[in-house]
Amino acid sequence: MPLIVSFVSQKGGVGKSTLARALAAVGASGRLRVKLADLDIQQQTAVRWGKARQKRAAVSPVEVGAFRTFEDALEDRDAFDLIIVDTPGHTSAATSTVARASHVIVVPTSATIDDLYPTVLLLHALEEIGIPRSRLAVALCRVLDAEEENVARDYVDAAGYELLPGYIPERSTYRNAQNRGQALTETIDGSANESANLLIESLLRKIAAQSAGMRNGTDD
Ligand SMILES: Nc1ncnc2c1ncn2[C@@H]1O[C@H](COP(=O)(O)OP(=O)(O)OP(=O)(O)O)[C@@H](O)[C@H]1O
Ligand SMILES: [Mg+2]
């Protein structure tokens, strides 16, 4: 059975597709069999990125597909070690289905209270449908400075949820890389790559701990 990691949010534009692609690229470069499932049939952000990526020789290939339903995305699940699910920019009944099946659910957010508030509301809602808190992780994306990071860390801590160590700063170099089919860890700027690697490594540690906990029945 593959590990399933989903990216969900109440608000749009917070970095779901961006982080999903970074995790896919890092996983693929680590020789995992990775599938990036884009459930945003309208935007198909991940799919278009996947097409741009196919034209690049120097990156690890990532299998990307768009799927109308989560069940469709899982059809060939046995062929993969890691299935990454990029969901649309609002929650729906499908979000609950995806969340229930995920080993880790990542909620990306910027560091503004405008984004943090709906993030915590969504985390509460996920707990209310029975998702253990240990499967939930907040990831900071589009952060402008260290002060913003501290405010966000305090906010998420006070709400009692896990904020992954590290954060993705707001940089045009990330946008340019994604336009070219590259991931946050594959830009032309070494320090941008390092920031992204730190966050994705935190996420990989969380995924490993969660999968071990779920195997032993100790995750909730
Ligand atoms: N750290 C960053 N620095 C600069 N631009 C960023 C950063 N993270 C994301 N972006 C840009 O912000 C926009 C929104 O990011 P992304 O598409 O990942 O969000 P999303 O949560 O998937 O949005 P949606 O809800 O519409 O699916 C994109 O244009 C992306 O390139
Ligand atoms: Mg998206």
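J.: How do you make sense of the overall build of the chain when you look at a structure like this?
T.: Each helix and strand in the chain was counted, giving 8 helices and 7 strands. Within the span of the chain, comprising 220 residues, buried residues form 52% of the whole. Once local pairs closer than 6 in sequence are excluded, the contacts in the chain between residues at least 24 apart make up 76%. Of the roughly 10,100 Å² that the chain leaves accessible, carbon and sulfur atoms contribute 49%. Side chains of the chain carry 24 positive and 28 negative charges; the gap between the two charge centres is 6 Å.

J.: Is there a simple way to think about the sheet that holds strand E4 (residues 82-86) in this case?
T.: Adjacent strands of a sheet pair through backbone hydrogen bonds, lying either parallel or antiparallel. Pairing is parallel across the open sheet formed by 7 strands, whose spatial order is E3-E2-E4-E1-E5-E6-E7. Of all strands in the sheet, those with a lone pairing partner are strand E3 (63-66) and strand E7 (168-169), marking the two edges. Docked against the sheet, helix H2 (residues 45-54) engages strand E2 (34-38), E3 and E4, running at close to 140° with respect to E3.

J.: Would you mind going over unusual backbone geometry with me for this structure?
T.: Trans is the prevailing form of peptide bonds, just as negative phi is the prevailing case for residues other than glycine. A positive phi angle, near 70°, is found at arginine 31, a position not held by glycine. Along the chain, the position of arginine 31 falls in the loop between helix H1 (16-29) and E2. Under the relative-accessibility criterion, arginine 31 is labelled exposed at 76%. For arginine 142, which is not a glycine, the phi torsion comes out positive at approximately 65°. Mapped onto the fold, arginine 142 is located in strand E6 (residues 136-143).

J.: I'm lost on the packing of aromatic side chains in this one. Help?
T.: The geometry of an aromatic ring pair is captured by the separation of the ring centres together with the interplanar angle, meaning the angle of the planes. Under the counting rule described, the total for this entry stands at 0 aromatic pairs. Over the ring of tyrosine 161 we find arginine 133; its NZ or CZ atom is 4.2 Å from the centre of that ring.

J.: Explain the side chain of glutamine 178 here, please?
T.: In this fold, glutamine 178 is placed in helix H7 (residues 172-179). Owing to a relative accessible area of 13%, glutamine 178 belongs among the buried residues under this scheme. In this structure the side chain of glutamine 178 is engaged in a polar contact, spanning 3.1 Å, whose partner is the side chain of threonine 18.

J.: Even after reading the chapter, I still don't get the packing of H1 against helix H8 (residues 190-216), so can you show me in this structure?
T.: Look at H1 against H8: their axes get within 10 Å of each other, and the N-to-C directions meet at 75°. Taken together, the axis directions place H1 and H8 in an arrangement best described as roughly perpendicular. Residues Leu19, Ala22, Leu23 and Val26 of H1 touch H8, and the partners they reach there are Asn197, Leu199, Ile200, Leu203, Leu204 and Ile207. Residue composition of the contact of H1 with H8, grouped by class: 9 nonpolar, 1 polar and no charged.

J.: Sorry if this is basic, but what is going on with the packing of helix H5 (residues 113-128) against helix H6 (residues 146-159) here?
T.: One can describe the packing of H5 onto H6 by two numbers: an axis separation of 11 Å at closest approach and a directional angle of 20°. With respect to H6, the axis of H5 lies roughly parallel. Crossing of H5 against H6: the hand is right-handed. Taking contact as the criterion, the partners of Ile113, Leu116, Tyr117 and Val120 in H5 are, on H6, Val151, Ala152, Tyr155, Val156 and Ala159. Split by residue class, the contact of H5 with H6 holds 9 nonpolar, no polar and no charged.

J.: What am I meant to see in the pattern of salt bridges here?
T.: Oppositely charged side chains are able to pair whenever their charged atoms sit close together. Within this structure, the stated rule accounts for 10 salt bridges. Glutamate 127 is paired through a salt bridge with arginine 133; the nearest N and O atoms lie 2.9 Å apart. Among the residues examined, arginine 133 registers a relative accessible area of 35% and is labelled partly exposed. Between arginine 171 and aspartate 189 there is a salt bridge, with the nearest N and O atoms lying 3.6 Å from each other. Of this pair, arginine 171 sits in the loop between E7 and H7 while aspartate 189 is found in the loop between H7 and H8, placing the two residues 18 residues apart along the sequence. Arginine 171 gets classed as partly exposed once you look at its relative accessible area, which sits at 30%. For aspartate 189, a relative accessible area of 25% translates into the label partly exposed. Through salt bridges with shared partners, a single ionic network connects Arg142, Glu170 and Arg175.

The rules behind these values
As a convention, each chain's residues are numbered from 1 in the sequence order in which they are written. Written order determines the labels here, with chains lettered from A and ligands numbered from 1. The model is predicted, so local features are restricted to residues of pLDDT at least 70 and side-chain atom pairs to those at 80 or more, both for listing and for counting; the totals for chains, interfaces and linings are taken over all residues. The side-chain quantities take in all heavy atoms of the structure and omit both hydrogens and water. Secondary structure counts use DSSP, requiring at least four H or I residues in a row for a helix and at least two E residues in a row for a strand, with both numbered from the N terminus. Working definition: with a 1.4 Å probe on protein chains only, accessible area under 20% of the residue-type maximum means buried, over 50% means exposed, and in between means partly exposed. Should any heavy atoms of two residues lie within 4.5 Å, those residues are considered in contact. The Shrake-Rupley method, run with a 1.4 Å probe sphere, supplies the accessible areas, and residue values consider only the shown protein chains as cover. A residue counts as positive if it is Lys or Arg and as negative if it is Asp or Glu; His and the chain ends are not included. Where a charge lies is defined by one atom per residue type, namely NZ (Lys), CZ (Arg), CG (Asp) and CD (Glu). Strands pair, by our definition, only if DSSP identifies at least two bridges between them. Whenever a helix is involved, its axis is fitted only over the stretch in contact; in every case the axis is a line through C-alpha atoms, and angles between N-to-C directions fall within 0 to 180 degrees. Each Phe, Tyr or Trp ring (for Trp, its six-membered ring) is paired with any other whose centre lies within 6.5 Å, and the angle between the two planes then decides the class: stacked below 30 degrees, edge-to-face above 60, tilted in between. A ring has a charge above it when a Lys NZ or an Arg CZ is no more than 6 Å from the ring centre and no more than 35 degrees off the ring normal. Under this definition, polar contacts are N or O atom pairs within 3.5 Å; protein pairs additionally need one hydrogen-donor-capable and one acceptor-capable atom, and for neighbouring residues in sequence, both atoms have to be side-chain atoms. For classification purposes, an angle smaller than 35 degrees is called roughly parallel, one larger than 145 roughly antiparallel, one from 65 to 115 roughly perpendicular, and anything else oblique. Gly falls in the polar group here, along with every residue not listed as nonpolar (Ala, Val, Leu, Ile, Met, Phe, Trp, Tyr, Cys, Pro) or charged (Asp, Glu, Lys, Arg). The sense of a crossing depends on the near helix, which, turned anticlockwise from the far helix by less than a right angle, makes the crossing left-handed and, turned clockwise, makes it right-handed. The salt bridge definition used is simple: a Lys or Arg side-chain nitrogen within 4 Å of an Asp or Glu carboxyl oxygen.

Geometry only, nothing functional implied.
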